[in-house]
Amino acid sequence: MLEIVPLPAFRDNYIWTLRHGDAAAVVDPGDARPVKDYLARERLRLVAILATHHHPDHVGGIAELAGDTGAPVYGPRAEPIPALTHPVAEGDTVALAALGVAFAVFDVPGHTRAHVAYYGAGALFCGDTLFACGCGRLFEGTPAQMVGSLAKLAALPGATRLYCAHEYTLANIEFARKVEPENAALAEREARARALRAQGRPTLPSTLDEERATNPFLRLAEPAVVEAASRYLGERVCEPVRVFAAIREWKNRA
Ligand code: ZN
Ligand code: FE
């Protein structure tokens with residue numbers, strides 16, 4: 001049975017650690033220290049390192065971990081990933097035999113130019129693309145690219161568990177409630193997320209069903225979201241990419 005454990009790093013990153021038997025893999029190890037401590041404490045051997053994109057809080061620990069363990073490094077072909085041994089892009093499969101799991105790779109540009117996501121065993125590791133009740137900022141991509149990437153991820157089965165790389169949920173929900181104050185699922189989600197955080201527990205993983213019901217960046221055709229985007233812009237918009245761009249900009253300024 002594959003187990004997925006969050007290792008907190010920095011202020012609000014999670015380094016997702018997959019384990020089965022004595023084998024482990026990590027996704028986006030921005031810092032080597034928490035990973036090394038965990039592997040030593042649990043007597044695990046590192047069999048793979050997966051990176052979603054090149055930002056330092058996701059790749060900062062890779063060189064050290066790869067150097068220490070010789071673990072192969074998977075990451076987007078078109079981004080500068082340290083110690084990259086297995087460049088990947090959409091259509092590739094990352095098979096991790098020791099963990100009994102294989103991941104399909106998706107290109108999800110927007111946050112960065114060649115960001116990838118890994119999908120397997122009902123789990124989606126999507127880095128800084130889709131967050132619980134939010135999405136990543138557009139540092140290198142366009143609104144149209146991000147809308148395409150989010151739609152691609154949202155098309156996966158509703159029970160898919162979402163393992164994003166940051167604990168941003170409460171702040172995201174707070175913003176989402178400005179966009180959709182009447183959304184009852186959102187109010188209910190806020191109560192659940194607050195209770196988890198009050199106990200110091202992660203709000204992740206969420207599910208795609210939950211995101212479709214509450215994440216404004218996946219609800220671009222929802223009348224309330226269209227209405228809110230139009231109000232923000234002071235002009236009538238309905239085209240999904242423009243609705244997205246409006247609420248993304250609003251969130252940046254909130
Ligand atoms: Zn990032
Ligand atoms: Fe990040």
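What comes next concerns the included structure. Being a predicted model, the structure only gives us computed values, none of them experimental.

Describing the coordination of the zinc ion (ligand 1)
Each protein donor to the zinc ion (ligand 1) is listed here as His53 (NE2), His55 (ND1), His111 (NE2) and Asp128 (OD); together their distances run 2.2 to 2.3 Å. If you look at the zinc ion (ligand 1), its 4 donor atoms make angles of 85 to 173° with each other, and the shape they trace is irregular. As a motif over one chain, the donors of the zinc ion (ligand 1) read H-x1-H-x55-H-x16-D. Here the zinc ion (ligand 1) and the iron ion (ligand 2) are spaced 3.3 Å apart, and both take Asp128 as a donor. In this pair, His111 sits in the loop between β8 (101-107) and β9 (116-120) while Asp128 sits in the loop between β10 (123-127) and β11 (130-131), placing the two residues 17 residues apart along the sequence. Its relative accessible area of 4% is what places His111 among the buried residues. For Asp128, a relative accessible area of 4% translates into the label buried.

Observations regarding the packing of aromatic side chains
Applying the stated criterion across every chain, the model contains 10 aromatic pairs. Centre to centre, the rings of Trp16 and Tyr163 are 4.8 Å apart; their planes meet at 75°, and the pair counts as edge-to-face. With Trp16 in strand β2 (residues 13-20) and Tyr163 in strand β13 (residues 161-164), this residue pair connects regions lying 147 residues apart in the sequence. The pair Trp16 / Tyr163 is uniform in exposure class, with both members buried.

Some words on the side chain of Thr214
Mapping Thr214 onto the fold places it in helix α7 (residues 208-214). Residue Thr214 is classed as buried on the basis of its relative accessible area of 2%. At 2.6 Å, the side chain of Thr214 and the backbone oxygen of Glu210 are in polar contact. Apart from the residues within four sequence positions on either side, Thr214 is in contact with Cys133, Ala176, Asn183, Ala185, Leu186, Arg189 and Arg219.

A few points about the nonpolar core
Most often, soluble globular proteins keep nonpolar side chains buried together rather than apart. Ranked by internal contacts, the top residues of the largest apolar core, which has 59 residues, are Leu18, Leu96, Leu99, Phe103, Tyr118 and Phe125. Among the nonpolar cores identified, the runner-up in size contains 21 residues, and Leu7, Ala32, Val59 and Ala66 belong to it.

Concerning the packing of helix α5 (residues 169-179) against helix α6 (residues 184-198)
Orientation of α5 relative to α6, taken along the N-to-C sense of each, is 160°, at an axis distance of 10 Å. In terms of their interaxial angle, α5 and α6 are classed as roughly antiparallel. Like other packed secondary-structure pairs, α5 and α6 cross with a definite hand, here left-handed. For the pair α5 and α6, the contacting residues are Thr169, Leu170, Ile173, Ala176 and Arg177 in the first and Leu186, Ala187, Arg189, Glu190, Ala193, Arg194 and Arg197 in the second.

The rules behind each value
- Residues numbered from 1 in each chain as written.
- Chains lettered and ligands numbered in written order.
- Predicted model: local features only at pLDDT ≥ 70, side-chain atom pairs only at ≥ 80, totals over all residues.
- Heavy atoms only, no water.
- Donors = N, O, S within 2.8 Å, 3.2 Å for Na, K, Ca; no water.
- Tetrahedral: all angles 85-135°; square planar, octahedral: opposite > 155°, others 65-115°.
- Helix = DSSP H or I, 4+ residues; strand = E, 2+ residues; numbered from the N terminus.
- Buried < 20%, exposed > 50% of the residue type's maximum accessible area, 1.4 Å probe, protein only.
- Phe/Tyr/Trp six-rings, centres within 6.5 Å; stacked < 30°, edge-to-face > 60°.
- Polar contact = N/O pair within 3.5 Å; in protein donor to acceptor, adjacent residues only side chain to side chain.
- Contact = heavy atoms within 4.5 Å.
- Core = buried A, V, L, I, M, F, W, Y, C linked by side-chain atoms within 4.5 Å.
- Axes fitted to C-alpha atoms, helices over the stretch in contact; angles between N-to-C directions.
- Parallel < 35°, antiparallel > 145°, perpendicular 65-115°, else oblique.
- Left-handed = near helix turned anticlockwise from the far one by under 90°.

Note that all results are geometric; they support no functional claim without further evidence.
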